[in-house]
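# Breakdown of the fold
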2 protein chains.
Amino acid sequence: MKLQSLIQQILQKRSYLCVGIDPDEKLLPNSLSSIGIAGIEKFCLSIIDATAPFCVAFKPNFAFFEAFGADGFGLLEIISGHIRKKHPHHFLIADAKRGDIGNTSARYAEAILTKLNFDAITVSPYMGEDSVKPFFLEGKWVILLMLTSNKGSENFQKLSVGMSGEPLYVEVGRNAMQWGNTENLMFVTGATHPDELKKIRQLFRDYFLLIPGVGAQGGSLLEVSQSALNESVGILVNSSRGIIHSSSAEDYLEQAVLASSMMQKEMEEIMRSKGLVQ
Amino acid sequence: MKLQSLIQQILQKRSYLCVGIDPDEKLLPNSLSSIGIAGIEKFCLSIIDATAPFCVAFKPNFAFFEAFGADGFGLLEIISGHIRKKHPHHFLIADAKRGDIGNTSARYAEAILTKLNFDAITVSPYMGEDSVKPFFLEGKWVILLMLTSNKGSENFQKLSVGMSGEPLYVEVGRNAMQWGNTENLMFVTGATHPDELKKIRQLFRDYFLLIPGVGAQGGSLLEVSQSALNESVGILVNSSRGIIHSSSAEDYLEQAVLASSMMQKEMEEIMRSKGLVQ
């Protein structure tokens, strides 16, 4: 998906919501938890169809599928195929946090971006340039971990580095701008760091940011939006558990619709207040 | 596998060789490349059986399996089962370089260490403590990326950080020693950094190091051994392509035996010269 198409979708739907597809079998309604992997499949596809009107992106996290072994990996193929067919204008992100030496990253890129046909993949920067570059395939996106939403982001990402004394996450971003550009590179920046988000927006003005950590992890949608929106919107805000496991009873779809539509409405208001939509 | 068992295996076999199982379908002999995933399976299992006498560990890299989708993931299950049954004293490393927020890392740990039953997993440190700790399951090992063998290791891993001015890779190691210990934590340190290996050995004296980058990537077995051996051996040296794809003709097994047995012999000589074996 091209940058302009993504922005167009966001403006049309008045939503920059990304729904994280991280199915936890312990939180499924009884009718689905009793039928194994078929229940997970039905859960994921129904959640996707129900929330599609309110979001512009879906983000399955691979851990929650690998936990089911080969069947789980097969389910990723089914989900990707389903979204391509029924929701072709949604941006499809593989939350896989891969990164390895060059020839190995190339195999991950082939597996996830080409064969599974995801639009984008989250990539860990630790191994540097040759571990990241193989993911820049034609028409695909790298979403590089910059400042993550978890507590452990304090351990290394915020350390001041080198001559500049800038935090590592800024150094990661500065390097990455030499590997990609605003049309194939985004950054992961957690909602749990509102002050740093403002700084990141100043330094990386035109880059899209994928922002997890709203909801269950404690970030505020209004606050992160005010810190990080730019004149092309420039953010995707992810919610996973807060939407898909908003209920673990048989009304899970109604509750997911409610949670995602409420986020969409809040986003619409924020966009209107910023003059991004009328 | 316990630390003492691993050391015992190394001393008995006079080998600290880890064979990397990274099958590239373009480098298979014709008889195997023509039959799809069944050829990959036959290749991997025959390589494992042929090289088992000369090595103490096997390390499949997940990228080379995910490239075959659900079938590839299924093949990882077959490989793990095969090794557990036929080579129960070999140390089985998942080269997966995972790492995510806590609840997600826990799912990766479940998928790879519990369900696939690997002994150890390589983990990326970028997301910090809560992304690493879920992998410390009872009887399992974390092998944390410290200083990798690729060129991109220069980008971030060698930056001096914080008050100490130590390079990031040292800071990673120092933090990790608070999360694990010598009986459940190893570090990945590339063979392509012989000078840094000496420093790492001094700073992390009793920790096992997993050393990739010998052979195709340019590191020297003798040099890295001299830099990094400790009184309990303390290293696993990995070779992947240099062994498994040493020939792409029908004699691939003979050539893999030749390459792995030569490395074992060189290791035996080095261990003898250090007084580690008689």
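Details of the structure are given in the entry above.
Since this is a predicted model, take the numbers as computed values, not measurements.

## Some words on the sheet that holds strand S8 (residues 185–189) of chain B
Residue and element names in this part refer to chain B. One closed barrel holds the 8 strands; their spatial order is S1-S2-S3-S4-S5-S8-S9-S10, and the pairing between them is parallel. Taking each pair of neighbouring strands and ignoring which way they run, the sheet shows an average axis angle of 30°. Bridge analysis of strand S1 (residues 17–21) against strand S2 (residues 57–60) gives 4 bridges, and the strand direction is parallel. Residue pairing for S2: Gly20 is matched across the bridge by Lys59. Against the sheet, helix H6 (residues 102–115) engages strand S3 (91–98) and strand S4 (120–123), with an angle of about 155° to S3.

## Here's the deal with the pattern of salt bridges
One pass over the full model with this rule turns up 39 salt bridges over all chains. Between Asp95(A) and Lys97(A) there is a salt bridge, and its shortest N-O distance comes to 2.7 Å. Note on accessibility: Asp95(A) and Lys97(A) belong to one class, buried. When salt bridges with common partners are traced through the structure, they connect Asp24(A), Glu25(A), Lys26(A), Arg107(B), Glu110(B) and Lys115(B) into a single cluster.

## Some thoughts on helix H1 (residues 3–13) of chain A
Residues and elements named next belong to chain A. Among the residues making up H1, those that are buried are Leu3, Leu6, Ile7, Gln9 and Ile10. Taken around the axis of H1, the buried residues stretch over an arc of 155°, which confines them to a single face. Set apart from the buried face of H1 by more than 90 degrees, the exposed residues are Gln4 and Gln12. Turning to H1, the residues buried within the fold contact strand S3 (91–98), strand S5 (141–147), strand S8 (185–189), strand S9 (208–211), strand S10 (235–239) and helix H12 (252–273). The first or second residue beyond H1 is Arg14, which carries a positive phi of 50°.

Conventions used here
Residues numbered from 1 in each chain as written. Chains lettered and ligands numbered in written order. Predicted model: local features only at pLDDT ≥ 70, side-chain atom pairs only at ≥ 80, totals over all residues. Heavy atoms only, no water. Pairing = 2+ DSSP bridges. Helix = DSSP H or I, 4+ residues; strand = E, 2+ residues; numbered from the N terminus. Axes fitted to C-alpha atoms, helices over the stretch in contact; angles between N-to-C directions. Contact = heavy atoms within 4.5 Å. Salt bridge = Lys/Arg side-chain N within 4 Å of Asp/Glu carboxyl O. Buried < 20%, exposed > 50% of the residue type's maximum accessible area, 1.4 Å probe, protein only. Arc of directions from axis to C-beta.

Any functional reading would require information that these geometric values do not contain.
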